[in-house]
Amino acid sequence: LPAFRDSKLFIKDLHFDGVPVRIYLPRLPSASKWRGVIFFHGGCGMYGGIRSHERVCRYIARESDSVVMSVGYRLSPECKYPAQNLDCLTAAVHFLKTAENYSVDPDRIIVCGDSVGGTFTANVCQELVNRTDIPKIRAQVMIYPFLQAMNFNLPSHQKNAFTALLSLERTVHYILKYLNKDCSLKEALLAGSHVPESVNLKYRKWINPDLIPEKFKQDYEPPLPTPCVPQVHEETKELFETRISPLLAEDAVICRLPEACIITCEHDVLRDDGLLYKKRLEDNNVKVTWYHIEEGFHG
């Protein structure tokens, strides 16, 4: 949707350091400064934009009585990774620095996103933990986020492999397209042939089906071990960067993150990414609010 008039909101299209954004400001005056929401839309990093999430952002602005900034980051494959992460980070930093220009309390700004927008949310919060020149993010909200590309054989991957809208095969296909990789690598990634044993040993303390609560592991069958194919690993090394897989960030970063709200859906291949990140945050004494939608699905 374009930015039509809204009886409860002022809507402005701007650019923050070259990144297109849309600001939704409540029309009614407030006795105190507004809360702020930085919103990153989903769409696999290749689809969607400010207009596709217009209704969502209006709803958040109206119902939470907040100023919402929706970020129109560049899309892949026209703009190569990590342009998307960099745009999100640039816009977020600009908004944090200039929040008071929009009557926003800089100490009450959250970051929010759905699907890959949840990836960008996690990544931006991780990137900002060491910044002392800007206000701290108050909280992070991740709606069925994609958080790791190391293991595609978790219980939710098996259970929801053929679920509509986002099947397991389509998920991996989108990841490869997003990174401008050869989509013939899909089967190798699904089998885990991109993961060297040394990497598996390092990260299995964080990405492991044993960490998923038993009630989510019904009918789960551990996959047979698959040897790493060095050529596949070399072709897909970006998958282990925290911009793609925030779950792989070190504890020194995770322990300094703002409190989180994580939303997961039962019928979603990405369900277990959210569950694993929830555990990682809690293990590092970060407060987490978790909302699980039993009948929910991705999208």
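Residues numbered from 1 in each chain as written. Predicted model: local features only at pLDDT ≥ 70, side-chain atom pairs only at ≥ 80, totals over all residues. Heavy atoms only, no water.

- In the annotation of an unreviewed UniProt entry, the entry for the protein chain reads ADCL4 protein, and the organism field reads Asarcornis scutulata.

Topic: the side chain of Asp272
- Mapped onto the elements, Asp272 comes out in helix H10 (residues 271-283).
- Once residues lying within four places of it in the same chain are set aside, the contact partners of Asp272 are Leu154, Pro155, Ser156 and Ile212. (Helix = DSSP H or I, 4+ residues; strand = E, 2+ residues; numbered from the N terminus. Contact = heavy atoms within 4.5 Å.)

Observations concerning the layout of surface pockets
- Taken as a whole, the largest pocket holds about 600 Å³ of empty space.
- Along its surface, the largest pocket is lined by 26 residues, and Asn151, Asn200, Pro223, Leu224 and Pro225 are the ones closest to its centre.
- Counting only elements with at least two residues in the lining of the largest pocket, the list comes to helix H6 (186-191) and helix H7 (197-203).
- Of all the elements, H6 adds the most residues to the lining of the largest pocket, at three residues.
- Size it by volume and the second largest pocket reaches roughly 430 Å³.
- Around the second largest pocket, the lining comprises 20 residues; the ones closest to its centre are Asp114, Ser115, Tyr144, His298 and Gly299.
- At the level of secondary structure, the elements contributing two or more residues to the lining of the second largest pocket comprise helix H1 (54-64) and helix H5 (168-178).
- Here the lining of the second largest pocket is composed, by residue class, of 10 nonpolar, eight polar and two charged. (1 Å grid on protein atoms, 1.4 Å probe; cavity = no way out; pocket = protein on both sides within 12 Å on 5 of 7 lines; lining within 4 Å. Points joined across faces, edges and corners; volume = space filled by probe spheres on them. Nonpolar A, V, L, I, M, F, W, Y, C, P; charged D, E, K, R; others polar.)

Some words on the pattern of salt bridges
- Evaluation of the coordinates by the stated rule reveals 20 salt bridges.
- A salt bridge links Glu234 to Lys237, with the nearest nitrogen and oxygen atoms 3.0 Å apart.
- Through salt bridges with shared partners, a single network forms among Asp6, Asp13, Arg22, Glu54, Arg58 and Arg62. (Salt bridge = Lys/Arg side-chain N within 4 Å of Asp/Glu carboxyl O.)

As for the domain arrangement of the protein chain
- Per the domain assignment, the segments of the protein chain are domain 1 (9-148 + 243-297) and domain 2 (155-240).
- On a C-alpha basis, the centres of domain 1 and domain 2 stand 25 Å from each other.
- Taken together, the contacts link 35 residues of domain 1 with 30 residues of domain 2.
- Together, the buried faces of domain 1 and domain 2 total about 2,900 Å²; carbon and sulfur atoms form 67% of this surface.
- A per-residue breakdown of the area domain 1 buries against domain 2 is headed by Leu248, Val269 and Leu276, which together make up 24% of the total. (Domains from an automatic or database assignment. Buried area = accessible area lost by both parts, 1.4 Å probe.)

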